[in-house]
Structure formats: C-alpha cells, structure tokens
Amino acid sequence: MSESVPPTAFSTVLRTASSEEHEAAEHSSFMGHLLNGRLGVDAYAQLSGQLWFVYRALEGRAAELAADPVVGPLIDPALFRTAALERDLAHLLGADWRSGLRPLPATAAYAARLEELADTWPNGYLAHHYTRYLGDLSGGQIIRGAAERTWGFERKGAGVEFYVFAEVANPAAYKREYREKLDAAGLAMDEVERRRVVEECKRAFTLNGAVFADLDTRYPLSA
Ligand code: HEM
C-alpha cells in the first residue's frame, strides 16, 4: 500500500498564501483613512455603494451554485449581504439611492470577474466567497466599529447593517465550521486545481485593493 502525505488544510493554505495581500488591503490608503476617522461619510456611502455591485454579483448566482457538489456546502443565505447593503444605502443616500449609483471601473471589473466565475468555474468563485465573507466576519467588525465612532451610526444599526450578520449567532464558531467546509472542498480538488484556487484568492484581494485605490483617488481626504 502506498502512503500519501495528507495535504495541508486548505483553509490554512488560503490564509497563509493570501496573508501578504491581506496586509496590503488592510494598510491601503483608503482603509487607513477610514479606520482613522479621517474620511467624510460620503466616502463611506460610496464604499457601501461599490460593495452593493460586488455583492449583487457574488450573490446573484448563489442559488445555482448551491447545487455544486464542492462549493454548494459553503453557500449559506445567512451570509447574504445584498439586502443589508440596500438598507444601509437607503439610510445613507435616501430612498432614491440607486439612481445616482455607478460602479467605479475597478468595481465593474471585480463584478465582471465574479459573474464570469459563477458561470464558468465554481471553485474559482469559492476563492472569492472565502475572501469576502470571512473578511466581513473578521476585519469587517473593526470597520463597523470605526464607522460607528466616526459617523455616529447606532451600534449595529442603520448604516452599518452590512457588517452585522444577524443570522450568524456565533461568528467564531461559524468561521471554524466554514474553515472545515473549505478543507473538505480542498480535498475534493487535485493539487493543480487547489493552486489555481489559491491564485484566484490572491486575485480576489487584488480586485478589492483596486476598488480601494479607485475610491482613494476620489476621496483622498475630506479634511
Ligand atoms: C481595515 C481593513 C481590515 C482589517 C482591520 C482586517 C482585519 C482582520 C483580522 C483581525 C482578521 C483575523 C480575524 C480572525 O482570525 O478571526 C482578518 C481576517 C480576514 N480578513 Fe481582514 N481585515 C481588513 C480588510 C480585509 C479585506 C479588504 C479583505 C478582503 C476583501 C479581508 C479579508 C480577510 C479574510 C479572508 C480573513 C480570514 C483569514 C482566515 O482566517 O482565513 N480583510 N482580517
């Protein structure tokens, strides 16, 4: 009998491989200004608006992806953010929020990539699912705290609902279970496919960084 070394848990591979990209996103100029309370609420509203295009693309094909044998177990309506973003946008921009909202070039490219993957490569889509939702459940909470402090939103209330996972009772436990499902997904792929997904995960961070860079040129500092 031949013995094979079990591959490193896929959740660990993804986290480790994208740690540099994570660092870059976290320390991007736009995020830095947001966390330091140096941006106007209009910049925050634009971030929410750009995220709306992203989540519409991420969640628009979720029902079909739920049937995918590898990715399906990770699709969970409890994570969906589109409706929460819409409530935030109505609070931030008014009932007519949709009419003036346009995707920035980087956002349009990001959304196009998500739609392409949802249609053609579910495992690649998984890389984006991980990057967004685990990030929102993690660092997203830091962003929420900064937004509440800076612009006086009610704690976990209107304006920051995007960051509030009302249907996830225990985020730490949820993240643990999510990682277990990621590990199972990784075991269903061969090594070449796992590497491709890791590359797509890095690309997911790069696409997010590009949206921040686009926002940064429009909202360098509102002081
Ligand atoms: C101000 C910006 C950010 C801060 C302060 C931040 C902070 C954090 C922290 C503290 C964790 C670890 C949480 C834990 O271990 O439970 C984390 C995890 C994570 N963040 Fe961020 N983050 C930021 C931006 C981002 C962005 C822009 C993305 C991608 C769009 C992202 C994606 C992730 C992911 C995927 C994880 C999970 C890593 C894993 O355990 O596999 N983060 N973040």
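Presented here is an overview of the structure given in this document.

Reading the values: the criteria
Every chain is numbered on its own, with residues counted from 1 as its sequence reads. The predicted nature of this model means local features are confined to residues of pLDDT at least 70 and side-chain atom pairs, given and counted, to a pLDDT of 80 or more, with totals for whole chains, interfaces and linings taken over all residues. With hydrogens and water set aside, each side-chain value is computed from the structure's full complement of heavy atoms. Any residue with a heavy atom positioned within 4 Å of a molecule or strand is treated as near that molecule or strand. Here a polar contact is taken to be a pair of N or O atoms separated by no more than 3.5 Å, where protein atoms must pair a possible hydrogen donor with a possible acceptor and residues adjacent in sequence count only if both atoms sit in side chains. Put simply, DSSP marks the helices as runs of H or I at least four residues long and the strands as runs of E at least two long, and each gets a number from the N terminus on. For this classification, Asp, Glu, Lys and Arg are treated as charged, while Ala, Val, Leu, Ile, Met, Phe, Trp, Tyr, Cys and Pro are nonpolar and the rest, including Gly, are polar. Here a cavity means grid points, on a 1 Å grid over the protein atoms only, where a 1.4 Å probe fits yet cannot get out; a pocket means an open set of points with protein on both sides within 12 Å along at least five of seven lines; lining residues are those with an atom within 4 Å of a point. Grid points are joined across faces, edges and corners, and a volume is the space filled by probe spheres set on the points. The criterion is simple. A nonpolar core is a set of buried Ala, Val, Leu, Ile, Met, Phe, Trp, Tyr and Cys residues joined through side-chain atoms within 4.5 Å. Working definition: with a 1.4 Å probe on protein chains only, accessible area under 20% of the residue-type maximum means buried, over 50% means exposed, and in between means partly exposed. Two residues form a contact once any of their heavy atoms are found within 4.5 Å. Donor atoms (N, O, S) are those found within 2.8 Å of the metal centre, with the cutoff raised to 3.2 Å for Na, K and Ca; water is not part of the atom list, so apparent gaps in a site can occur.

1. Considerations on the site of the ligand
With respect to spatial proximity, 19 residues lie near the ligand, and among them R15, H22, Y130, K175 and R179 are the closest. A distance of 2.8 Å separates a nitrogen atom of the ligand from a polar side-chain atom of H22. Contact between the ligand and K175: an oxygen atom at 2.5 Å from a side-chain N or O atom of the residue. Elements with a contribution of two residues or more to the shell around the ligand: α2 (19-26), α3 (29-35), α8 (122-137), α9 (139-151), α10 (171-187) and α11 (191-218). With 5 residues, α8 is the single largest residue contributor to the shell around the ligand. Residues that form the shell around the ligand fall into these classes: 8 nonpolar, 6 polar and 5 charged.

2. A short note on empty space enclosed by the protein
On inspection of all chains with the given rule, the structure shows 1 cavity of 30 Å³ or more. In this model, the largest cavity occupies a volume close to 30 Å³. Taken together, Q50, L51, V54, Y110, R132, N208, V211 and F212 make up the lining of the largest cavity. Contributing elements (two or more residues each) for the lining of the largest cavity: α4 (41-60) and α11. For the lining of the largest cavity, the per-class residue count stands at 5 nonpolar, 2 polar and 1 charged.

3. Quick word on the nonpolar core
Among the nonpolar cores identified, the biggest contains 69 residues, and L34, Y44, L47 and Y178 are the most heavily contacted of them. Discounting residues that sit within four places of it in the chain, Y178 has contacts with L74, L79, L126, H129, Y130 and L134.

4. Looking at the layout of surface pockets
Taken as a whole, the largest pocket spans an internal volume of roughly 730 Å³. Taken together, 29 residues make up the lining of the largest pocket; nearest its centre are H22, T131, G135, G139 and F205. Per element, the largest residue contribution to the lining of the largest pocket is 6 residues, and it comes from α8. The residue makeup of the lining of the largest pocket, split by class, is 13 nonpolar, 11 polar and 5 charged.

5. Overview of the coordination of the iron atom of the ligand
You will see that the iron atom of the ligand has only one donor from the protein, H22 (NE2), lying 2.0 Å away. One can find H22 in helix α2.

6. Side note on the environment of R132
On the secondary structure map, R132 appears in helix α8. With residues near it in sequence (within four places) discarded, R132 still touches L51, V54, Y55, L58, Y110, F162 and N208. Side chain to side chain, R132 and Y55 meet in a polar contact 2.6 Å long.

7. Quick notes on the side chain of R144
Examined against the element boundaries, R144 turns out to sit in helix α9. Note on R144: relative accessible area 8%, which makes it buried. Those residues within four positions of R144 in sequence are excluded, and the remaining contacts are R155, K156, V160, Y163 and V164.

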